[in-house]
Amino acid sequence: MVKVFRLIQISDLHFSKRETQLDDEGKFLDRFKEPASINILRKARFRIRPVLSKYPTNMLIFQGDVEEKGYKPGMRKGCDYLANLWNYLGLNIDDIIVNIGNHDVCRFENQKFDYIKECWKSLGYNLFLDGLKMKKFEINSMVLFSLNSCHGCGEVKNYSKEIRELFDEKITDYKNEDIKIPPNLEDPIFNFLDIPIIDTKEIDELQNQSERFDLLLVQAHHNILPQIEPRTFGPEIVTGGYFRRCLLGLNRPVIYLHGHIHNFLSEILIDPENPDGILIIIGTPDFPRGFNLIEIYFTEDEKPIACKIRNFTLNEGYFDYKETQSYSLCLIPHAKRRKLINKIGRKIIDYFLNSESYLRFKKIIDGCGLSDCEISKIVEEINKLDLLEFIEILNKEEQYDSWIIKWREQYD
Ligand SMILES: [Fe+2]
């Protein structure tokens, strides 16, 4: 049996940017008081539920940036909104992992992440701000490592005297208890507060702990390749190549999940010096605009063989989430894929090599002499051949007996 593990990847709520009206407890105000145009968040919860009914999930990861501007009321309400949403969706608190983003810094009160930590804690979620966090699963071959990529965010003390003075000047009015005028966040000085940094000790620990796992999920708020539009500062460790090199050096499949860029973007890195490795880097849009559902497929003996990324986008009328794209990526190097195929699979491959490039399910059964085999075993093996990219089932959503199956050219 091929096993499947599903996770939902959500990030970047940027609460106060959403203009949605919530009351002090984070609950929505009477719907009749709200214009439809500012109702996106409330609708999102109803739109996401059918997706979860169709694809029961094992885990949800929220990758940070609850708030837009580091204001305490927005942080509190944003956390309440998310916790209510997950509760509404029937997710178990133990299956939810929450991370922090650069916008979760309490920017003007020199508390860094204290307040967001407090908000999450009051709702039963623990933030890990220092040290690597590891989560194991029923599937023993996989592990999840969570890192804090925001060690550099909000660290004014790291900057030159001139920048510190300039920063102090910009927030003078906010620091004044009597006036409390929020600073203009469009001012480029605030970009200085957003530098992503991962503690190299956490990276070392990740490298040491990963040895006995076949598949690593790694998650942090920031992207690890340079952004299309560069920021003011060049972040060194996170997007400068160091971390990427460490993950590729593990010589095994790694799925790295991040938020921050507000976009669906999957990047695949292969390193010829580490032929058993593949690094799949997956970004997700700002919620509720979209999210990812990621499926990971394992063989019966828990060998990870493929992952499938499904991009969901809230359509313009906010009527529902549409699966706008989905694609599957094999986690096994070409040279080792044949070892995972059984006798049935080998017969099917031989038959393809000696007949046509497109075959119907029934023709495969007859042509390969499989009529004595259990149908479920044949379906299973065809599915595996599809995940290993030997073949492609062109109409997978249909019943197996109407499948049209295509041989994939690269195996000729
Ligand atoms: Fe961010």
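About the cut-offs
- Just so you know, the residues in each chain are numbered from 1, in the order the chain's sequence is written.
- Local features in this predicted model are restricted to residues whose pLDDT is 70 or higher, and side-chain atom pairs enter the listing and the counts only when it is 80 or higher, whereas totals over whole chains, interfaces and linings include all residues.
- Any two strands with at least two DSSP bridges between them are considered paired.
- By definition, any uninterrupted DSSP run of H or I lasting at least four residues is a helix, any uninterrupted run of E lasting at least two residues is a strand, and each is numbered from the N terminus.
- Interaxial angle, 0 to 180 degrees, is taken between N-to-C directions of lines fitted to C-alpha atoms, where a helix line uses only the stretch in contact.
- A residue pair is marked as a contact if its C-beta atoms, positioned from the backbone, fall within 7 Å.
- Crossings are classed by handedness, with left-handed meaning an anticlockwise turn of the near helix from the far one by less than a right angle and right-handed meaning a clockwise turn.
- Any residue that is not Ala, Val, Leu, Ile, Met, Phe, Trp, Tyr, Cys, Pro, Asp, Glu, Lys or Arg is counted as polar, Gly included; the first ten are nonpolar and the last four charged.
- By convention in this section, buried Ala, Val, Leu, Ile, Met, Phe, Trp, Tyr and Cys residues joined through C-beta atoms within 7 Å make up a nonpolar core.
- The burial criterion counts other C-beta atoms lying within 10 Å of a residue's C-beta, which is placed from the backbone; the residue is buried at 20 or more, exposed at 12 or fewer, and partly exposed between these limits.
- In this document the domain limits rely on a domain assignment from an automatic tool or a database.
- We call two directions roughly parallel when the angle between them is under 35 degrees, roughly antiparallel when it is over 145, roughly perpendicular when it lies between 65 and 115, and oblique otherwise.
- One fewer than the residue count of a helix, multiplied by 1.5 Å, yields its expected span.

Engineer: Help me understand the sheet that holds strand β15 (residues 404–407), please; the structure alone is not making it clear to me.
Structural biologist: Pairing between sheet strands relies on hydrogen bonds along the backbone, with the strands arranged either parallel or antiparallel. In spatial order, the strands read β13-β15-β14; together these three strands make up an open sheet with antiparallel pairing. Looking at strand neighbours, the two that pair on one side only are β13 (358–360) and β14 (391–393), the edges of this open sheet. Here the average twist between neighbouring strands, direction ignored, is 25 degrees. When β14 meets β15, the two strands line up antiparallel, connected through three bridges. Note on β15: the bridge partner recorded for isoleucine 393 is isoleucine 405. This element, helix α11 (residues 375–387), spans β14 and β15 of the sheet and lies at about 115 degrees to β14.

Engineer: Explain the packing of helix α9 (residues 343–354) against α11 here, please?
Structural biologist: The description of two packed helices rests on the angle between their axes and on the distance between the axes. α11 packs onto α9 with a crossing angle of 65 degrees between their chain directions and a minimal axis gap of 9 Å. Crossing geometry of α9 relative to α11 is assigned as right-handed. Of α11, the residues touching α9 (which contributes Ile344, Gly345 and Ile348) are Lys377, Ile378, Glu381, Ile382, Lys384 and Leu385. Residues that form the contact of α9 with α11 fall into these classes: five nonpolar, one polar and three charged.

Engineer: Hey, could you run me through the sheet that holds strand β10 (residues 290–298) in this one?
Structural biologist: Spatially, the six strands line up as an open sheet ordered β3-β2-β1-β10-β11-β12, and their pairing is mixed. Of all the strands in the sheet, just β3 (96–98) and β12 (321–330) have a single pairing partner and so form its edges. In this sheet, neighbouring strand axes are inclined to one another by 20 degrees on average, regardless of whether the strands run parallel or antiparallel. Sheet topology places strand β1 (residues 3–10) next to strand β2 (residues 59–62); four bridges connect them, and they run parallel. Of the residues in β2, the one forming a bridge with leucine 7 is methionine 59.

Engineer: Whenever I open this one, the nonpolar core confuses me. Can you help?
Structural biologist: The nonpolar side chains of soluble globular proteins are, as a tendency, buried together. Leu60, Leu82 and Tyr256 are the most contacted members of the largest nonpolar core, which has 94 residues in total. The greatest single-element share of this core, amounting to seven residues, is contributed by helix α2 (residues 72–88). Viewed by domain, this core spans two of them, domain 1 (3–154 + 194–334) and domain 2 (341–411), each represented by three or more residues. Once residues within four sequence positions are removed from consideration, leucine 60 is found in contact with Leu7, Ile8, Ile10, Trp86, Leu91, Asp95 and Ile96.

Engineer: Would you mind going over unusual backbone geometry with me for this structure?
Structural biologist: Of all residues except glycine, most have a negative phi; of all peptide bonds, most are trans. Of note, the amide linkage connecting phenylalanine 287 to proline 288 takes the cis form, showing an omega dihedral of 10 degrees. Looking at where proline 288 falls in the secondary structure, it is placed in the loop between β9 (278–283) and β10. Unlike most non-glycine residues, histidine 262 shows phi in positive territory, near 60 degrees. Relative to the elements of secondary structure, histidine 262 occurs in the loop between β7 (253–258) and β8 (265–269). The backbone of glutamate 389 shows a phi angle near 70 degrees, a positive value even though the residue is not glycine. Examined against the element boundaries, glutamate 389 turns out to sit in the loop between α11 and β14.

Engineer: Is there a simple way to think about the packing of α2 against helix α3 (residues 114–122) in this case?
Structural biologist: Close contact between α2 and α3 brings their axes to 9 Å; oriented N to C, the two are set at 30 degrees. As far as their axial angle goes, α3 and α2 are roughly parallel. In this structure, α2 meets α3 at a crossing whose hand is right-handed. Along its contact with α2, which presents Lys72, Met75, Arg76 and Cys79, the element α3 presents Tyr115, Ile116, Cys119 and Trp120.

Engineer: I keep staring at the pairing of β15 and nothing clicks. Help me out?
Structural biologist: A regular strand carries its side chains on alternate faces of the sheet. Only one face of β15 is covered, namely the face carrying Ile405 and Trp407; the face carrying Ile404 and Lys406 is uncovered. Sheet analysis places β13 next to β15, joined by three bridges and oriented antiparallel. Considered in β15, the bridge of arginine 360 is made with isoleucine 404.

Engineer: Whenever I open this one, the pairing of strand β11 (residues 304–314) confuses me. Can you help?
Structural biologist: Counting buried residues in β11 gives eight out of eleven residues, a clear majority hidden from the surface. One ladder, built from nine bridges, connects β10 with β11; its direction is antiparallel. Looking at the pairing, glutamate 295 lines up with lysine 308 of β11. Where β10 folds back onto β11 in an antiparallel hairpin, the turn is made up of five residues, including glutamate 302, whose phi is positive at roughly 70 degrees. As judged from the nine bridges shared by β11 and β12, these two strands associate in the antiparallel manner. Residue pairing across strands places asparagine 311 opposite glutamine 325, the latter belonging to β12.

Engineer: Honestly, the environment of glycine 78 in this entry has me stumped. Any pointers?
Structural biologist: Tracing the backbone through its elements, the reader meets glycine 78 in helix α2. The exposure class of glycine 78 is buried, given the 27 C-beta atoms found within 10 Å. Distance in space between the C-alpha atoms of glycine 78 and isoleucine 116 is 9.9 Å, their sequence separation being 38 residues. Setting aside residues no more than four positions away along its own chain, glycine 78 makes contact with Leu13, Phe15, Val66 and Glu67.

Engineer: Which parts of the structure should I look at to understand α2?
Structural biologist: One turn of an α-helix holds 3.6 residues; hence residues three or four places apart share an orientation. For α2, spanning 17 residues, the distance from its first C-alpha to its last is 24 Å, which sits close to the expected 24 Å at 1.5 Å a residue. Burial in α2 covers these residues: Gly74, Met75, Arg76, Lys77, Gly78, Cys79, Asp80, Tyr81, Leu82, Ala83, Leu85 and Trp86. Where α2 is buried, its residues meet α1 (40–54), β2, β3 and α3. Note on α2: the residue one or two positions beyond its end, glycine 90, has a positive phi of about 75 degrees.

Engineer: Help me out: how do you make sense of the environment of methionine 59 in this one?
Structural biologist: Relative to the helices and strands, methionine 59 is located in strand β2. Overall, the presence of 20 C-beta atoms within 10 Å leaves methionine 59 in the buried class. Setting aside chain neighbours within four positions, we find methionine 59 in contact with Leu7, Asp95 and Ile97.

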